[in-house]
Amino acid sequence: MTDIQRVRNDLKLSEKRMRHTEGVVRAAVLLASRHFPEISPETATLAALFHDYTKEYTVEQHLQVLASYGQTATADELTSPKLLHARTAALIAEKEYGLSPEIVSAIRWHTTGRENMEPLECVIYFADYIEDGRTFPACVRLRTYYEKQYASLKDKSRALNKALVRSFDITIRDLLSEGKTVDPNTVSARNSYLRCLK
Ligand SMILES: [Fe+2]
Ligand SMILES: [Fe+2]
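Residues numbered from 1 in each chain as written. Chains lettered and ligands numbered in written order. Predicted model: local features only at pLDDT ≥ 70, side-chain atom pairs only at ≥ 80, totals over all residues.

> When you look at the nonpolar core in this model, what are you seeing that I'm missing?
Where a protein is soluble and globular, its nonpolar side chains tend to be buried together. Counting residues in each nonpolar core, the largest one holds 47 residues, and the members touching the most others are Ala-28, Ala-47, Ile-107, Val-123 and Ala-127. Going through the elements one at a time, helix 2 (15–35), helix 3 (41–50), helix 6 (84–95), helix 7 (101–108), helix 8 (119–130), helix 9 (137–152), helix 10 (156–177) and helix 11 (184–197) are the ones with two or more residues in this core. Looking at this core, the element that brings in the most residues is helix 8, giving 9 residues. Filtering out sequence-adjacent residues up to four positions away, Ala-28 remains in contact with Ala-44, Ala-47, Ala-48, Val-123, Ile-124 and Ala-127. (Core = buried A, V, L, I, M, F, W, Y, C linked by C-beta atoms within 7 Å. Buried ≥ 20, exposed ≤ 12 C-beta atoms within 10 Å, placed from the backbone. Helix = DSSP H or I, 4+ residues; strand = E, 2+ residues; numbered from the N terminus. Contact = placed C-beta atoms within 7 Å.)

Take a look at the structure:
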């Protein structure tokens, strides 16, 4: 059985979350082929399939996963439990499935992003944002913005970087307006892609 088949068999997600996951698979394969042809469709598929593996866990379940590997949650993760699923999914991908460090890292950073992301990290982070099942107006606008930049700019990596900056802007603005904490990785990610545009 391939890793892709094994993960497909093991994924226990609601129908809605599974539709999102399949959307991320399609978006990740497309983004990889457009911007990072060194990433195989199989690698993009596997990372995308796994990225929300623990998204529907309770906080208790997340803490159990962390504890079983001798880890604890940070204070910020406890106030924003959404952050926990990226960590626990990455841990399970590494320890239980033996997936490659490249894939584990893409899962680990898919929610917050981080400074100067590796190609697969970038693909999964952005695919998660713009997959075609996302109907939240800001996601729809970002998808349209990215497609316009991609179609009109000769420099395709610039098109992606512009869309990445915009994605971090949206996230940071939303978190501020909701009075939530902003993960420092999201801020340094935004600044690093903004520097790329100069
Ligand atoms: Fe996620
Ligand atoms: Fe997701």
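> What exactly am I supposed to notice about the environment of Lys-12 here?
Summarising the element assignment, Lys-12 is placed in the loop between helix 1 (3–10) and helix 2. Judged by C-beta crowding, with 11 C-beta atoms within 10 Å, Lys-12 ranks as exposed. Considered as a pair, Lys-12 and Glu-56 are 44 residues apart in the sequence and their alpha carbons are 8.7 Å apart.

> Explain the packing of helix 9 against helix 10 to me, please; I cannot follow it from the model alone.
For any two helices packed against each other, the geometry is given by the interaxial angle and the distance between the axes. Interhelical geometry of helix 9 versus helix 10 gives an angle of 165° and a closest axis separation of 8 Å. Classified by the angle their axes make, helix 9 and helix 10 are roughly antiparallel. Relative to helix 10, the crossing made by helix 9 is right-handed. Together, Ala-138, Leu-142, Tyr-145, Tyr-146, Gln-149 and Tyr-150 of helix 9 and Lys-156, Ala-159, Lys-162, Ala-163, Arg-166, Ser-167 and Ile-170 of helix 10 make up the contact between the two elements. Residue composition of the contact of helix 9 with helix 10, by class: 8 nonpolar, 2 polar and 3 charged. (Axes fitted to C-alpha atoms, helices over the stretch in contact; angles between N-to-C directions. Parallel < 35°, antiparallel > 145°, perpendicular 65-115°, else oblique. Left-handed = near helix turned anticlockwise from the far one by under 90°. Nonpolar A, V, L, I, M, F, W, Y, C, P; charged D, E, K, R; others polar.)

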